[in-house]
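A closer look at the structure
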Amino acid sequence: MTVHFIGAGPGAADLLTLRAAELLRTSPVCVYAGTYIDDAVLAHCPDDVRKVDTARMDLDAITAELVAAHERGEDVARLCSGDPSLYSALAEQSARLDRAGVPWDVTPGVPAYAAAAATLRVELTVPEVTQSVVLTRTQARSTAMPDAEALTNFAATGATLVLHLAITRARVLADELVEFYGSDCPAAVVFHASKPDQLVLTGTLADIADQVEAAGLRQAAVILVGPAVGRTPGVESHLYDACRERPGVEPAERPERPGGDA
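A brief structural summary.

Definitions and limits used
Residues numbered from 1 in each chain as written. Predicted model: local features only at pLDDT ≥ 70, side-chain atom pairs only at ≥ 80, totals over all residues. Heavy atoms only, no water. Helix = DSSP H or I, 4+ residues; strand = E, 2+ residues; numbered from the N terminus. Buried < 20%, exposed > 50% of the residue type's maximum accessible area, 1.4 Å probe, protein only. Contact = heavy atoms within 4.5 Å. Areas by Shrake-Rupley, 256 points an atom, 1.4 Å probe, with all protein chains shown as cover. Core = buried A, V, L, I, M, F, W, Y, C linked by side-chain atoms within 4.5 Å. Salt bridge = Lys/Arg side-chain N within 4 Å of Asp/Glu carboxyl O. Axes fitted to C-alpha atoms, helices over the stretch in contact; angles between N-to-C directions. Parallel < 35°, antiparallel > 145°, perpendicular 65-115°, else oblique. Left-handed = near helix turned anticlockwise from the far one by under 90°. Nonpolar A, V, L, I, M, F, W, Y, C, P; charged D, E, K, R; others polar.

1. Quick look at the overall build of the protein
- The helix and strand inventory of the protein stands at eight helices and ten strands.
- Counting the 262 residues in the protein, one finds 40% classified as buried.
- Nonlocal contacts in the protein, meaning residues at least 24 apart in sequence, comprise 67% of its contacts between residues at least 6 apart.
- Carbon together with sulfur atoms contributes 50% to the accessible area of the protein, which is approximately 14,300 Å² in total.

Encoded structure:
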């Protein structure tokens, strides 16, 4: 048997990958966090599946369920919200499985930040505006952030910032970022990206915290900050430049510049 760590995506059941849906369909045990994963996603499971909601379970109890399934010879679909590579506790769970001799693998999913960007209809990297995206979080009721990963260090780069697990500190963060991005910098918040109750807030660092507080958001929201979030225009990419040389393709004739220079 195998414990399959599966990215459940941002929420919508039809944003699961084909591989994820097949693993859910064929696994007799499904372990998931009910806080984030709803019945529409679980509908991919067989009717007789054993469902284990981890919302109120600690790591020892979760591991015990996975090991017990292994001893019964049953595959487990271990659903992680978004993608397992981000804030999923994959490292600590898999370490315990390794110690117990339980095999496991990982199936990626659509991360929440990608769903949020799709909802906003933005590209987070715009040529000559920003070419980097920083995925990070802040410290509240959670483990400490490494000293070198202070938000100000990332903000100094001017990259597009995507903040997870940070919605309760929206005002503090906005005030902190103004120094680097300016008060008129575009900012957005997407709550429950791709779910039926999705909520989108758009504005600037000057007013986004007011909108968050007015909406009463406390969890399951992604904050995005940076010029790209407001669709700030940049230059056109060289990727589709008609004059760009491509292997095996004759380059298009370069248009003449004023004065007759090629």
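2. Quick notes on the nonpolar core
- In terms of nonpolar packing, the biggest core is built from 25 residues, with Leu 161, Leu 177, Tyr 181, Val 189, Leu 205, Ile 223 and Val 225 touching the most fellow members.
- Secondary-structure elements contributing two or more residues to this core are helix H6 (151–155), strand E7 (160–164), helix H7 (170–181), strand E8 (186–191), helix H8 (208–215) and strand E10 (221–225).
- Leave out the neighbours within four places in its chain, and Tyr 181 touches Phe 154, Ala 155, Gly 158, Ala 159, Leu 161, Leu 205, Val 225, Gly 226 and Pro 227.
- Formed by 16 residues, the second largest nonpolar core is a distinct cluster that contains Leu 23, Cys 30, Ile 37 and Leu 79.

3. Brief notes about the pattern of salt bridges
- Across all of its chains, the model carries six salt bridges by this definition.
- Salt-bridge contacts for Arg 25 lead to Glu 22; the nearest nitrogen and oxygen are separated by 2.7 Å. Here Arg 25 pairs with Glu 22, and both are found in helix H1 (residues 18–26), just three residues apart, close to one helical turn.
- Given the relative accessible area of 38%, Glu 22 is considered partly exposed.
- Asp 210 is paired through a salt bridge with Arg 171; the nearest N and O atoms lie 2.5 Å apart. With Asp 210 in helix H8 and Arg 171 in helix H7, this residue pair connects regions lying 39 residues apart in the sequence.
- For Arg 171, a relative accessible area of 33% gives the class partly exposed.
- Each of Arg 171, Asp 210 and Glu 213 takes part in one network of salt bridges that share partners.

4. Remarks on the packing of helix H3 (residues 59–72) against helix H4 (residues 90–100)
- Following both chains from N to C, one finds H3 and H4 inclined at 50 degrees, their axes separated by 10 Å at the closest point. Taken together, H3 and H4 sit at an angle that is classed as oblique. You can see that H3 and H4 cross each other, and the crossing is right-handed. Between H3, through Leu 59, Asp 60, Ile 62, Thr 63, Leu 66 and Val 67, and H4, the contact on the second element is made entirely by Glu 92, Gln 93, Arg 96, Leu 97 and Ala 100.
- Here the residues of the contact of H3 with H4 are counted per class, giving six nonpolar, two polar and three charged.

5. Details of helix H5 (residues 112–120)
- For H5, the full list of buried residues reads Ala 115, Ala 116, Ala 117 and Leu 120.
- Of the surrounding elements, those touching the buried residues of H5 are E8, strand E9 (199–204) and E10.
- Backbone geometry just after H5 places Arg 121 at a positive phi near 60 degrees.

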